[in-house]
Protein chains: 2
Amino acid sequence: MKELTHDHLDDVARGAAILGTGGGGDPYIGRLLAAAAVREHGPVPLVALEEVPDDAMVLPVAMMGAPTVMVEKLPSAEQVGLAARTLAGYLGKELTHIACAEAGGVNSLIPVVAAAQLGLPLVDADGMGRAFPELQMVLPTIYGVRATPMAYADEKGNRGVLDTVDNHWAERLARSAAIDMGCSSAISTFAMSGAQARESMVPGTLSLCAELGRLARSTKSVAAVVERLGGRTLFTGKVIDVARRTQTGFARGEARLSGMDDDAGRELVLRFQNEHLVAERDGVVLASVPDLICVLHTETSEAVTTELLRFGQRVTVIAAPADPRWHTEAGIELAGPRYFGYDIDPVGVTA
Amino acid sequence: MKELTHDHLDDVARGAAILGTGGGGDPYIGRLLAAAAVREHGPVPLVALEEVPDDAMVLPVAMMGAPTVMVEKLPSAEQVGLAARTLAGYLGKELTHIACAEAGGVNSLIPVVAAAQLGLPLVDADGMGRAFPELQMVLPTIYGVRATPMAYADEKGNRGVLDTVDNHWAERLARSAAIDMGCSSAISTFAMSGAQARESMVPGTLSLCAELGRLARSTKSVAAVVERLGGRTLFTGKVIDVARRTQTGFARGEARLSGMDDDAGRELVLRFQNEHLVAERDGVVLASVPDLICVLHTETSEAVTTELLRFGQRVTVIAAPADPRWHTEAGIELAGPRYFGYDIDPVGVTA
């Protein structure tokens, strides 16, 4: 893919929602926003990560907040551009590329909106290879890239810049602002050079999203998605309970699934904070962060985001391996189960 | 006064604590910080408000947060300078003068610290003629001066810039950051031209603080303070109960006083949010914002800040008239009793 046109957006959004592991936003909304931006400004040039020049100025953009809120209060296109322009102004540098902080139904498409608005190319990469709930949880953190100076903006025109002593402080202050702004804000963060981007980001994410989305749409096969991701199927069942609370700026909760087919008589519990963190079958952890836990409609292989989980849905839960750098000591410290309060070692896809 | 030397600081802090109406910080801490700054950088030139040139760039600085916290976690001198420098950098303009946002034991002295550090003169004025708990509650708001762009900083080196659609949004976002930063932050806000400062600020506040402080120290007479402020004595008694909670970033609460001398047999309740908002004697409101309600030690006429109110203290509660602009419709809307949730018309000093 050399550019993202209107025709790619549906597949990118579908695929991104799978990698979003329940978070990263509703693909329907992501697609709507990106389609409007591409209609207005034309297709967005896509640049492979290895082709980004050393001295490029790469700016990842994203929405921050609770996806439960974002399905009712849509991000505005202006808000996204405002966050990017505010940071560029503060840095006093010219941006050369926009990038994705994470993969997700909204967060893979918001950068398309920003790139279209600012007339900049988009890097075919992201900071995680999946979605995670907190700002500092990107591979660039491991490589010493600073989250700040960062900027945030709301749809009313309020905006701010943060310059913090570490990336955890950036998360804390930006999260409070997002909560004040109605539990969602547009952010531009982890501004980095091309050299830093090549070292620290995950290459090919948008291409992978497009491929996964196409695969899911054309085959409707969960097995095909599992195979493409090198993952495995954890559980097939029916959603029987969802406890969801929008708390401290996140969509937190648990979902209970009653097994069907081979899993009849068993129960799976999914624990999430925007994204699925842990999948537990009858008290045994089958998979956990940093690996991907994705909930797909059994019949269509479309991703179900945590905010849209509903009683009665028939779903298949799959696990897929995270970028290997997430399995290093630094990766586990940043986004392993213990960070989220689960006193277990990470349970991987091959476990 | 043409400059503030070490010898003035004690009186300025004492007087400022009286005008601080219970808030604005502990004068002991304000004096300590200013004394260290003046010792290091020399006396601070003081400029009368009417002498500030039209095209001056005046920057008020202050501490934001709960005074209950500030007595345990002292502001750092670096923090104050950082907030001012961060804003100057964002504005891309050179500051010419530092000013006080409000009168208060800390907040009249923090600008001395900033002025000394930055080598700038201090304007003999403030934004209220007293202290109020929220950021937008300054006379410049009435004159259309914007609180933002503003900057905030903590003692660890975290800092941020805000640019909001109105001054209430500035308060909201800056308050959340202050809470995250440990319930106290240094802020630089309401950057304005000399012309705007002359139109909207209260002249002579630092001179008045010095005079009041000297008066209180030399005479130890509450009556002398009352006379100088054109106020009246509301109640003399003993503190019998203080309910104080640090909540939503403020020191909120009530104090109950049992009457002595002429007030024997009566009870006064003071309700505060950092500052005293309402004084009620046996259920009748004797005084309310926007006028000043000050609690003074009966024996020494020294101010007692809300965070230092203690069972058994013998105090005299006085009221003094606010700057007349606080009694306009816009002033009452901004800082009258109804804004704070009391469904009453303002009760003035002469009521």
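Residues numbered from 1 in each chain as written. Chains lettered and ligands numbered in written order. Predicted model: local features only at pLDDT ≥ 70, side-chain atom pairs only at ≥ 80, totals over all residues. Heavy atoms only, no water.

- As annotated in an unreviewed UniProt entry, chain A carries the name DUF917 domain-containing protein and comes from Amycolatopsis acidiphila.

1. Let's talk about the environment of B:Thr298
Residues and elements named next belong to chain B.
Part 1 of the reasoning: Along the polypeptide, Thr298 turns up in the loop between strand E16 (292-297) and strand E17 (314-320).
Part 2 of the reasoning: Along the primary structure Thr298 and Met181 are separated by 117 residues, whereas in three dimensions their C-alpha atoms are 36 Å apart.
Part 3 of the reasoning: Leaving out residues up to four positions away in the same chain, Thr298 has contacts with Val222, Thr236, Arg314, Val315 and Thr316.
Part 4 of the reasoning: At 3.2 Å, the side chain of Thr298 forms a polar contact with the backbone oxygen of Val315. (Helix = DSSP H or I, 4+ residues; strand = E, 2+ residues; numbered from the N terminus. Contact = heavy atoms within 4.5 Å. Polar contact = N/O pair within 3.5 Å; in protein donor to acceptor, adjacent residues only side chain to side chain.)

2. Brief notes about the packing of aromatic side chains
Part 1 of the reasoning: Evaluated as defined, the whole model comprises 5 aromatic pairs over all chains.
Part 2 of the reasoning: With a centroid separation of 6.4 Å and an interplanar angle of 35°, the aromatic rings of A:Tyr90 and B:Tyr90 are classed as tilted. Taken together, the positions of A:Tyr90 in helix H4 (residues 77-91) and B:Tyr90 in helix H4 (residues 77-91) put the pair across two chains.
Part 3 of the reasoning: Over the ring of A:Phe132 we find A:Arg130; its NZ or CZ atom is 3.8 Å from the centre of that ring. (Phe/Tyr/Trp six-rings, centres within 6.5 Å; stacked < 30°, edge-to-face > 60°. Lys NZ or Arg CZ within 6 Å of the ring centre and 35° of its normal.)

3. Focus on helix H1 (residues 6-19) of chain B
Residues and elements named next belong to chain B.
Part 1 of the reasoning: In this model, H1 (14 residues) spans 21 Å end to end at C-alpha, consistent with the 20 Å of a helix rising 1.5 Å per residue.
Part 2 of the reasoning: Of all the residues in H1, the buried ones are Leu9, Asp11, Val12, Ala13, Gly15, Ala16, Ala17, Ile18 and Leu19.
Part 3 of the reasoning: Where H1 is buried, its residues contact strand E1 (3-4), helix H2 (27-41), helix H5 (110-118), helix H9 (205-219), helix H10 (222-229) and E16.
Part 4 of the reasoning: At the exit of H1 stands Thr21, carrying a positive phi of roughly 50°. (Expected span 1.5 Å × (residues − 1). Buried < 20%, exposed > 50% of the residue type's maximum accessible area, 1.4 Å probe, protein only.)

4. Notes on the relation of the copies chain B and chain A
Part 1 of the reasoning: Once chain B is rotated about the relating axis by 180° and shifted along it by 0.0 Å, it coincides with chain A to within an RMSD of 0.0 Å. A rotation of that kind, with that shift, is consistent with a two-fold axis. Considering only C-alpha atoms, the part of chain B nearest the rotation axis is B:Val161, at 2.5 Å.
Part 2 of the reasoning: Of all interface residues in chain B, 100% are interface residues in chain A too; the two copies therefore contact each other through one and the same surface. (Least-squares fit on C-alpha atoms with pLDDT ≥ 70 in both.)

5. Observations regarding the state of the cysteines
As used in these notes, a disulfide is a covalent bond between sulfur atoms, one from each of two cysteines.
Residue and element names in this part refer to chain A.
Part 1 of the reasoning: Enumeration over the complete set of coordinates arrives at 0 disulfides over all chains.
Part 2 of the reasoning: With no disulfide partner, Cys294 has as its closest neighbouring cysteine sulfur the one in Cys209, 11 Å distant.
Part 3 of the reasoning: For Cys294, a relative accessible area of 1% corresponds to the buried category. (Disulfide = S-S within 2.5 Å.)

6. Description of the interface of chain B and chain A
Part 1 of the reasoning: Every contact between the two is made by 20 residues of chain B and, on the other side, 20 residues of chain A.
Part 2 of the reasoning: Summing both partners gives a buried area of about 1,800 Å² for chain B against chain A, and 49% of it is carried by carbon and sulfur.
Part 3 of the reasoning: When the buried area of chain B at its contact with chain A is split by residue, B:Asn158, B:Arg159 and B:Asp180 rank highest and sum to 31% of it.
Part 4 of the reasoning: In this assembly, chain B and chain A are joined by 4 salt bridges.
Part 5 of the reasoning: With a closest N to O distance of 3.2 Å, B:Arg159 and A:Asp163 form a salt bridge. (Buried area = accessible area lost by both parts, 1.4 Å probe. Salt bridge = Lys/Arg side-chain N within 4 Å of Asp/Glu carboxyl O.)

7. Things to note about the sheet that holds strand E13 (residues 267-273) of chain B
Sheet strands line up and pair through hydrogen bonds in the backbone, either parallel or antiparallel.
Residues and elements named next belong to chain B.
Part 1 of the reasoning: Strand order in this open sheet of 7 strands is E15-E14-E13-E12-E11-E17-E16, and the pairing throughout is antiparallel. Whereas interior strands pair on both sides, the edge strands pair on one side only; in this sheet they are strand E15 (284-288) and E16. Averaged over all pairs of adjacent strands, the angle between strand axes in this sheet comes to 35°, irrespective of strand direction.
Part 2 of the reasoning: Pairing analysis gives 6 bridges linking E16 to E17, with the strands arranged antiparallel. (Pairing = 2+ DSSP bridges. Axes fitted to C-alpha atoms, helices over the stretch in contact; angles between N-to-C directions.)

8. Digging into the UniProt feature "domain: S-Me-THD N-terminal" (unreviewed entry) in chain A
Part 1 of the reasoning: Those residues carrying the UniProt feature "domain: S-Me-THD N-terminal" (unreviewed entry) are residues 8-163 of chain A in this numbering.
Part 2 of the reasoning: Within residues 8-163 of chain A, the helical portion is 38% and the strand portion 21%, while the C-alpha atoms at the span's ends are 36 Å from each other. (UniProt positions renumbered as here; feature names shortened; annotations may be inferred.)

9. Here's the deal with the packing of helix H9 (residues 205-219) of chain A against helix H10 (residues 222-229) of chain A
All names here are of chain A.
Part 1 of the reasoning: For the pair H9 and H10, the least separation of the axes is 8 Å and the interaxial angle reads 155°. Here H9 is positioned roughly antiparallel relative to H10, judged by the angle of their axes. With respect to the hand of their crossing, H9 and H10 are arranged in right-handed fashion. Of the residues in H10, those in contact with Leu208, Glu211, Leu212, Leu215, Ala216 and Thr219 of H9 are Ala224, Val225, Arg228 and Leu229. (Parallel < 35°, antiparallel > 145°, perpendicular 65-115°, else oblique. Left-handed = near helix turned anticlockwise from the far one by under 90°.)

10. Some points on the sheet that holds strand E12 (residues 250-259) of chain A
All names here are of chain A.
Part 1 of the reasoning: An order of E15-E14-E13-E12-E11-E17-E16 is seen for the 7 strands of this open sheet, with the pairing classed as antiparallel. In the strand order of this sheet, the two ends are held by strand E15 (284-288) and strand E16 (292-297), each with one partner. Strand after strand, the sheet turns through a mean of 35° between neighbouring axes, direction not considered.
Part 2 of the reasoning: Summarising the sheet, strand E11 (residues 232-247) and strand E17 (residues 314-320) pair through 6 bridges and their orientation is antiparallel. The residue bridging Lys238 from the neighbouring strand is Arg314, located in E17.

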